[in-house]
Amino acid sequence: MVTRKKPIKRSAEKAAIDKDEEEPTQPKVPKELIVIAQEVKIVRALACNDLTKRNRQMRKLRKFFELRANTTFSFTEDDFMRIWKGLYYNMWMSDKPLVQEELAEQLAQLVDSFGGNTDCSLLYFSAFMRTMCQEWFGIDQWRMDKFLMLVRRMLRYILRLLKAKKWSSELIDSFNTSMLQSVLAEQPKSRGLTMHYLDIFFEELAKAANGEITAGQVNLFLRPFVNYVGTQRDAKLVAQCRTRVLYHLLYQSELGRDYSEKYNAWKTMGFPTASIDDIEKHDSGFDEEDDEGNTEEEPQRATSLDPRAGNVDVHMPELPLNADCVLDELQTLLRTNEFNSKRRKGLRKLIQIFETFKNGEFPLGVRTMPKVEGTTLSELVEQKVADIEEMEDEVFGTGRKLKKLNKSKRKRLLQSINFEEVDEHNYDDIIGKALPPELQKKVKRNAKVRSSINNAWVVEEVKQDAEEGKEDKVKLAKEPKEAKQSKPKAKKVKKVEQPQVQPKPEPETKPASKKAADPPKPPANGWAAALEAGEQEFFLPSRKQQLKQINSTLQKSMTPQPAQCLPQQASTPQRGSAKRVQIQVKRNSSYPKSDYYRQLKLSPGLPYDAARLPGKSALKPHVMPGPINPNYKGTKLPFNDTL
């Protein structure tokens, strides 16, 4: 049996008091922490690995910006820094060019998602530039292009926002101030990002303005860049700012475009004049109004804001430039700051350039092209080559002529020269006269061809060459064979008169021509001349050949001769015969396997045994068998055990 207690009745006031005493008091969480926790949740979703979660959060982010911008709890730059941490990694993980371009466009369009609150838009862009400066060194080469594209798109949309506000001077000043704290700081954290910003700023300003901007408003944007040239310490950034900002504005002006057109025409013509001012532009006389009936309306090409592969034009309107404002800024910099001599020299050069531009003359580019007068470049090269060849002939000419002869001819040539008559002035002439006639003729012909090539004309006398060829043939026909045999390898020749021996009568030869009937001229040295009547030639072998003959006779006398032997060679070597070596390939044969097997059977040991240890080492053992430490004392090992 279960017994229950009866409930006690209490009043409502007493129950409420007891309830308040039982519940503990919880501290209130500040709204700032709640907002930060919400932002951290958004950042985690943006940097998630799942693509669907990232895309869903990107759609929610625009609504979050619109609702938060209209509340009293507005955005701060720290809030945007936290959000941009997630947006940065969202861009980091995007793949494929079209997907990256679409995401960059979405991130740039968020500039207009604050319900007309320009302060939040400027903070959003400023936080983006600060984030890029911090994360620049972590971007690898494969992700660099998409982040450069993101910087260009973000700058384009913020400039469009400033244009929508009619280029308010206050907004431009706040924009310049935020840029001086991030990308245009005196000590930039990322030089590459600064160079890219200097490259694209005035290009995107021209695209965004589309001609709806004044020179004074352009000078408001230009002022921080002029100060940057004077105050920046990095020489590369100063040069980049000077060329891509100041010179870019000069080239895109009307004077700059006229100069570029004239220079391109001057270059395509091959620089025909010494100065570019000698070229003038003339109208062709063609009037489009005369041919109204024949002309048809051509479809206009679709212009784009970004250059792409294909037939796409990028239209960039002209930005108006007031040179007086730039000159005032540069002169103020020189007056108010203390620069070194190099910086002051650069600023004075810029002042001179803009003063020239102010007077209506384009100050940059190439104005004159030096032109060679008199001789052309090819003629100068040919002249220098001829001078070098002449110098080489003077220095090495005689040596080259002697190198064309073989050793024996060179020796005979030098022996035939009387060096008592030779002087340093007539050395080349004497050796040239002493050369054989064939070599002299070859040298003269080479000199003639060389001179004709240097003069760019090749002149040949066919008749004279044909006559010379006939003379050579007749001379060779009249020369006896004995004169030809006396040339090679003859060391000493003695001419002895023998009146009893009568010379053989020479066969009569029909004269081929009048010139062939004339007797041949005797050579200069006398060695190649034919033997006269009553003369006989004796060959004296050299000492080396005599020793060879003596050694061969001794060997034959000591060793028994076989029954059948080859006939002995003549004691005197045949003149004019070269050594020949006959290699009989037919007698080559492979090593028979039977001999290999027989050698294996005869050998007592195996040719290879893996378990066999090597014998005595070929290396010398070290004096100390242990380590290099001299205090080390170890057991002495035998000589063969060291291995």
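Bear in mind the structure is a predicted one, so any value in this text is a computation, not a measurement.

Q: So what's going on with the overall build of the protein? Residues and values would help.
A: On a plain count of helices and strands, the protein comes out with 23 helices and four strands. The buried share among the 643 residues of the protein stands at 26%. Relative to all contacts within the protein whose residues are 6 or more apart in sequence, the contacts with residues 24 or more apart total 71%. Roughly 49,000 Å² of accessible area belongs to the protein as shown, and the carbon and sulfur atoms make up 53% of that amount.

Q: Quick rundown of the packing of aromatic side chains? Include the residues and the values.
A: For the coordinates displayed, the defined rule picks out 33 aromatic pairs. Relative to F201, the ring of Y197 lies with its centre 5.5 Å away and its plane at 45 degrees, an arrangement referred to as tilted. Of the two residues, Y197 and F201 both sit in helix α9 (residues 191–209), four residues apart, roughly one turn of that helix. The exposure class assigned to F201 is buried, which follows from its relative accessible area of 1%. The residue whose ring lies beneath R160 is Y157, and the NZ or CZ to ring-centre distance is 5.0 Å.

Q: Quick rundown of the side chain of Q252? Include the residues and the values.
A: Looking at where Q252 falls in the secondary structure, it is placed in the loop between α11 (235–251) and α12 (254–268). Within the structure, the side chain of Q252 is placed 2.8 Å from the backbone nitrogen of L319, a separation counted as a polar contact. For Q252, the contacting residues outside a window of four places in its chain are R257, P317, E318 and L319.

Q: Help me get a handle on the pattern of salt bridges, residues and values and all.
A: Under the definition given, this model contains 21 salt bridges. Between E204 and R156 there is a salt bridge whose closest N-O contact spans 2.9 Å. A residue pair is termed long-range when its members are at least 10 positions apart, and E204 in helix α9 and R156 in helix α7 (residues 144–164) qualify at 48 residues. Taking relative accessible area as the criterion, E204 reaches 0% and is therefore assigned buried. In this structure, E329 engages R223 in a salt bridge whose closest nitrogen and oxygen atoms are separated by 3.3 Å. Highlighted residues: E329 in helix α13 (residues 323–336) and R223 in helix α10 (residues 215–231), separated in sequence by 106 residues.

Q: Just give me the short version of the packing of helix α4 (residues 77–92) against helix α6 (residues 118–135), but keep the residues and values in it.
A: Their axes nearest at 9 Å, the elements α4 and α6 cross at an angle of 55 degrees. In this view, α4 runs oblique relative to α6, as classed from their interaxial angle. For the pair α4 and α6, the crossing hand works out as right-handed. Only C120, L123, Y124, S126, A127, F128, R130, T131, M132, Q134 and E135 of α6 make contact with α4, whose side of the interface consists of E77, F80, M81, W84, K85, L87, Y88 and Y89. Here the contact of α4 with α6 is built from residues that sort into 12 nonpolar, three polar and four charged.

Rules and cut-offs
Residues numbered from 1 in each chain as written. Predicted model: local features only at pLDDT ≥ 70, side-chain atom pairs only at ≥ 80, totals over all residues. Heavy atoms only, no water. Helix = DSSP H or I, 4+ residues; strand = E, 2+ residues; numbered from the N terminus. Buried < 20%, exposed > 50% of the residue type's maximum accessible area, 1.4 Å probe, protein only. Contact = heavy atoms within 4.5 Å. Areas by Shrake-Rupley, 256 points an atom, 1.4 Å probe, with all protein chains shown as cover. Phe/Tyr/Trp six-rings, centres within 6.5 Å; stacked < 30°, edge-to-face > 60°. Lys NZ or Arg CZ within 6 Å of the ring centre and 35° of its normal. Polar contact = N/O pair within 3.5 Å; in protein donor to acceptor, adjacent residues only side chain to side chain. Salt bridge = Lys/Arg side-chain N within 4 Å of Asp/Glu carboxyl O. Axes fitted to C-alpha atoms, helices over the stretch in contact; angles between N-to-C directions. Parallel < 35°, antiparallel > 145°, perpendicular 65-115°, else oblique. Left-handed = near helix turned anticlockwise from the far one by under 90°. Nonpolar A, V, L, I, M, F, W, Y, C, P; charged D, E, K, R; others polar.

Everything listed is a geometric property; what it means functionally is a separate question.
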